[in-house]
Amino acid sequence: MEEVLKLKSIKKAIGRKTILKKIDLTLEKGEILGIIGPNGAGKSTLLKIISGTMVPTAGSIEFSDRNGIIGIVPETPAILPSLDGFHNLQLLASIRGKIGKREIKEAMETVGLDPSNPKPVGSYSLGMKQRLMLAQSIMEKPRLLLLDEPTNGLDPLGIIDLRSLLFDLSNQGVAVIIASHLLREIEVMCHRVIIFNDGHIIREVNLRKGDQEFIEIGVSGPEDWDTLSRWVEANDGQIQKLPPKDIYKGILRTSLSIPQLLPHLTYLGVRVESIQPARANLEAAFLESAHLKEGAYR
Amino acid sequence: MEFMLSAVGLGIYLTYSTPQRTSYEAFSFSIFTILPMALPLFAALSTGITLAEERSLGLLPLFLSREVSPCKYILGKTIGSMMAQTCLTLGTLGAFLLATHMFFPAGPILTFGATCGQSLALENPLAHCMASILVYVLAALAFNGTALFVSVWVSNIFVVAATPTILYFAAFYISALMNSNLNPYLYLALNQHGPSTFASVAVYWIIAAVFSHGLAVLCFSLKKNWS
């Protein structure tokens, strides 16, 4: 797959505080990458560095296409409140001067806004402002889209529209990075998720369908867990134990589906107590990863 | 606003006695009485807050992600605000000068001219008024630059608008305490304690304007975070 973006050893320190500690990341064409993490983990800082709003202290950012356009949706809608939606976008489009009125109108219609609405943007609801931000981010046909909390203020229909828009863009080859607190949305929208904490990537979860299966599995005792772990290692899989320590439950990453896996476990004598697809268990992975200092989640 | 305050100055002028009331004298009295106090605030409020406004609206990331370099952005902002401030001050004071002709006849400035241009006030009062306008344009540019410089770090519009006034009065107070000739008030009021020539006044404000704008451009370009 063609790489759109490559981050090499990105570090960012502000004063004495280190916000990002050696981030390495690549993004493929058409990939939707989710970034989750506790408040202050460095998610927004990373997006700002990629978009050019912030300079990293160390490291490099490589874009596959030097002229590749980046679209961004900032955390809070950035608008000129006295202008209507169309003129806000026209003003931004005039900076690059690559698109005309037709493309602006198309982008507004794509996100469900009426380009002929004469109301000043200051009177828009938060959801409408967020839709306008989405429109400005896609109007110039970017190759990379950076979304910081894009579902902020969106109603359920808006969230569904966003999801379908992102899938469409992904199919057109646009790479997307989404930073969000909404695990469920990230889980549904993204192909891959990185969990951020304390300035570094502490875990990466691949959610692509048909790539590898994520299975949540619980076994009876420590011997069963050991047997399972050895078998997983021998078969190019990965298993990550979930807390607490005395319950033998984990997320198994394997190329096998549950019906394919079960005969192997029966043959090994592993006593399985529970087994289910773990796609919906990003929350568990996040909680496990976010388990921080002094027993408190941050 | 500047125009209205100058008009108030015109009202005050009528309460003072002078051998001959002329339009040029009315103009000089009005601007030298009121504007030395109000110019820093007007200059900052009218054009100096543009960067802070865009920062507080969160527009900077949208501009910078569209391949506008920080240096180009701040240069554009600086040149734009300087041109706007020049037009605004020049236009307002020019219009006020014209307006004074509606109430008074043209004639020499006998009493209330700038001390540094006394001979000009008597012999060529129009040139005296034009020189005064030029001084105020340059001073307004210096205050505009101060507000831009503050906006590099502060996005609160009220703080940015108030800072040039606060710095101006602080400089006034400190200079008065130290008996310094660099008191900015003296370079606007142009009274008997002030500088001796219009040229020295102009140089003072040109240095202040270039320094404040240059510093704003330099600091903004060297910043590491523009969000």
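Cut-offs applied
- Residues numbered from 1 in each chain as written.
- Chains lettered and ligands numbered in written order.
- Predicted model: local features only at pLDDT ≥ 70, side-chain atom pairs only at ≥ 80, totals over all residues.
- Helix = DSSP H or I, 4+ residues; strand = E, 2+ residues; numbered from the N terminus.
- Rg over C-alpha atoms; globule rule 2.2 N^0.38 Å.
- Contact = placed C-beta atoms within 7 Å.
- Axes fitted to C-alpha atoms, helices over the stretch in contact; angles between N-to-C directions.
- Parallel < 35°, antiparallel > 145°, perpendicular 65-115°, else oblique.
- Left-handed = near helix turned anticlockwise from the far one by under 90°.
- Expected span 1.5 Å × (residues − 1).
- Pairing = 2+ DSSP bridges.
- pLDDT = per-residue confidence, 0-100.
- Nonpolar A, V, L, I, M, F, W, Y, C, P; charged D, E, K, R; others polar.
- Core = buried A, V, L, I, M, F, W, Y, C linked by C-beta atoms within 7 Å.
- Buried ≥ 20, exposed ≤ 12 C-beta atoms within 10 Å, placed from the backbone.

**Here we look at the overall build of chain B**
Each helix and strand counted, chain B has 10 helices and 0 strands in total. Counting helices and strands in the order they occur from the N terminus, chain B gives α-α-α-α-α-α-α-α-α-α. Scaling as 2.2 N^0.38, a compact globule of 227 residues should have a C-alpha radius of gyration of about 17 Å, and chain B matches this with 19 Å. Its C-alpha atoms give chain B principal-axis dimensions of roughly 65 × 40 × 25 Å.

**Looking at the environment of B:P36**
Residues and elements named next belong to chain B. Along the chain, the position of P36 falls in helix 2 (residues 23-48). With 150 residues separating them in the primary sequence, P36 and L186 have C-alpha atoms 8.7 Å apart. The contacts of P36, once residues within four sequence positions are left out, are Y185, L188 and A189.

**Points about the environment of B:A216**
Residues and elements named next belong to chain B. Secondary-structure assignment places A216 in helix 10 (residues 198-222). When the C-alpha atoms of A216 and T78 are compared, they prove to be 8.4 Å apart, with 138 residues separating the residues in sequence. Excluding its chain neighbours within four sequence positions, the residues that come into contact with A216 are I74, T78, G145, L148, F149 and V152.

**Here we look at the packing of helix 2 of chain B against helix 7 (residues 125-151) of chain B**
Residue and element names in this part refer to chain B. Across the interface, helix 2 lies against helix 7 with an axial gap of 8 Å and an inter-helix angle of 20°. With respect to their mutual orientation, helix 2 and helix 7 come out roughly parallel. Classified by chirality, the crossing of helix 7 by helix 2 is right-handed. Only P125, L126, H128, C129, S132, Y136, A139, A140, F143, N144, A147 and L148 of helix 7 make contact with helix 2, whose side of the interface consists of Y24, F27, S28, I31, L35, L39, P40, A43, A44, T47 and G48.

**Quick word on helix 10 of chain B**
The terminal C-alpha atoms of helix 10 of chain B, which comprises 25 residues, lie 36 Å apart, in line with the 36 Å expected from a rise of 1.5 Å per residue. In this structure, the buried residues of helix 10 of chain B make contact with helix 5 (70-100), helix 7 and helix 9 (186-189) of chain B.

**A short note on the pairing of strand 2 (residues 17-28) of chain A**
All names here are of chain A. Summarising the sheet, strand 1 (residues 3-14) and strand 2 pair through 8 bridges and their orientation is antiparallel. Note that in strand 2 the partner of I10 across the bridge is I23. Counting the residues in the hairpin turn of strand 1 and strand 2 gives 2 residues, including G15, whose phi is positive at 65°.

**Description of the sheet that holds strand 8 (residues 192-197) of chain A**
Residue and element names in this part refer to chain A. Overall, mixed pairing links the 6 strands, which are arranged 5-6-7-3-8-9 in an open sheet. Edge strands, defined here as strands with exactly one partner in the open sheet, are strand 5 (70-73) and strand 9 (200-206). The mean angle between the axes of side-by-side strands here comes to 15°, regardless of whether they run parallel or antiparallel. As defined by bridge partners, strand 3 (residues 32-36) adjoins strand 7 (residues 175-179) across 4 bridges and the pair is classed as parallel. Across the sheet, residue G34 finds its bridge partner in strand 7, namely I178. Taken strand by strand, helix 1 (residues 43-51) contacts strand 3, strand 5, strand 6 (144-148), strand 7 and strand 8, and its axis lies near 150° from that of strand 6. Relative to the sheet, helix 4 (residues 126-138) contacts strand 5 and strand 6, its axis offset from that of strand 5 by approximately 170°.

**Focus on the confidence of the model for chain A**
Mean pLDDT for chain A: 86, with 91% of residues reaching 70 or above. The low-confidence segment residues 292-298 of chain A (pLDDT under 50) makes 7 contacts with residues lying over four places distant or belonging to another chain.

**What to know about the interface of chain B and chain A**
Counting residues at the interface gives 16 residues for chain B and 17 residues for chain A. Here the side of chain B that touches chain A is composed, by residue class, of 9 nonpolar, 4 polar and 3 charged.

**A word on the sheet that holds strand 1 of chain A**
All names here are of chain A. Taken in spatial order, the 3 strands of this open sheet run 2-1-4, and their pairing is antiparallel. Strand pairing shows two members of the sheet lacking a second neighbour, strand 2 and strand 4 (58-63), which therefore form its edges. Strand-to-strand twist across the sheet, computed as the mean angle between neighbouring axes with direction ignored, equals 10°. Strand direction decides the pairing type here: strand 1 and strand 4, joined by 5 bridges, are antiparallel. Bridged to L5 within strand 4 is F63.

**A word on the nonpolar core**
Judged by nonpolar contacts, the single largest core of 67 residues is most densely connected at A:I35, A:A135, A:L146, A:V176, A:I177, A:I178 and A:V193. Looking at this core, the element that brings in the most residues is helix 4 of chain A, giving 6 residues. If we ignore the near neighbours within four places in the chain, the residues touching A:I178 are A:I32, A:G34, A:I35, A:L147, A:P150, A:I186, A:M189 and A:C190. Grouped together as the second largest cluster of nonpolar side chains are 57 residues, B:L5, B:A26, B:V160 and B:A208 included.

**Notes on the environment of A:A278**
Mapped onto the elements of the fold, A:A278 is located in the loop between strand 13 (272-277) and helix 9 (282-289). Setting aside anything within four residues of it in sequence, one finds A:A278 in contact with A:F214, A:I215, A:E216 and A:I251.

**A short note on the packing of helix 5 of chain B against helix 7 of chain B**
Two packed helices can be described by the angle between their axes and the distance between those axes. All names here are of chain B. Across the interface, helix 5 lies against helix 7 with an axial gap of 9 Å and an inter-helix angle of 145°. The chirality of how helix 5 crosses helix 7 is right-handed. Judged by residue contacts, T78, S81, M82, Q85, T86, T89, L90, L93, G94 and L97 of helix 5 engage C129, I133, Y136, V137, A140, L141, N144 and L148 from helix 7. Considered class by class, the residues forming the contact of helix 5 with helix 7 number 11 nonpolar, 7 polar and no charged.

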